[in-house]
Amino acid sequence: MAIRNVRIQGDPVLEKKCREVKEMTPRIRALIGDMFDTMYEENGVGLAAPQVGILKRIVVIDTGEDPHVLINPVIEETDGEQRGYEGCLSLPGKSGIVTRPNYVRVRAMDETMKEYVLEGTELLARAICHECDHLEGVMYTKLVEGRIYDNSELPEEEE
């Protein structure tokens with residue numbers, strides 16, 4: 001596996017919609033492995049394929065419980081609300097307050113192209129929404145309430 005370069009906000013690839021994955025190939029399998037390696041190297045909890053320059057509907061997430069591969073994810077249900085600081089590997093060192101659902105149910109395929117349903121709350125729900133937004137060309141910065149902070153200057157309390 002390999003570490004890939006993470007695209008930074010301003011790169012046009014981050015503003016494009018991704019294409020559906022039709023079949024598992026050796027290249028896509030390698031991409032998934034590289035995405036996990038890159039996410040772990042960058043200390044992230046999620047990474048979407050466009051963040052490494054690939055316009056495919058692939059997301060990897062690991063919030064510390066179990067790693068998840070979501071191919072062609074579709075959010076089917078959300079509930080509740082959580083508001084908090086959110087960051088992104090494509091905008092290193094920055095954070096902003098974003099409101100997201102507190103519960104998410106997503107239908108996706110795993111690395112064997114078998115369909116499954118993943119339900120998540122709190123951080124997992126936030127990560128699913130954040131990464132699925134990337135597949136639509138949407139950065140979290142479009143959802144920030146107020147301003148984007150340098151992580152070294154985060155206020156003690158929300159403004």
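Residues numbered from 1 in each chain as written. Predicted model: local features only at pLDDT ≥ 70, side-chain atom pairs only at ≥ 80, totals over all residues. Heavy atoms only, no water.

*Asks:* Describe in detail the sheet that holds strand β5 (residues 94-100), supporting the description with residues and values.
*Replies:* Across the sheet, which stays open at both edges, the three strands sit in the order β4-β5-β8 with antiparallel pairing between neighbours. Edge strands, defined here as strands with exactly one partner in the open sheet, are β4 (82-86) and β8 (145-150). Along the sheet, successive strands turn relative to each other by an average axial angle of 25°, direction set aside. Strand direction decides the pairing type here: β4 and β5, joined by five bridges, are antiparallel. Bridge pairing in β5 places Arg83 opposite Thr99. Along the sheet, helix α2 (residues 122-135) makes contact with β4 and β5, crossing β4 at roughly 65°. (Pairing = 2+ DSSP bridges. Helix = DSSP H or I, 4+ residues; strand = E, 2+ residues; numbered from the N terminus. Axes fitted to C-alpha atoms, helices over the stretch in contact; angles between N-to-C directions. Contact = heavy atoms within 4.5 Å.)

*Asks:* How would you summarise the side chain of Ser90 if you had to cite specific residues and measurements?
*Replies:* Positionally, Ser90 belongs in the loop between β4 and β5. Classification of Ser90 by relative accessible area gives buried; the value is 0%. Beyond its immediate sequence surroundings of up to four residues, Ser90 is in contact with Val6, Arg7, Ile8, Gln9, Leu14, Gln51 and Met139. (Buried < 20%, exposed > 50% of the residue type's maximum accessible area, 1.4 Å probe, protein only.)

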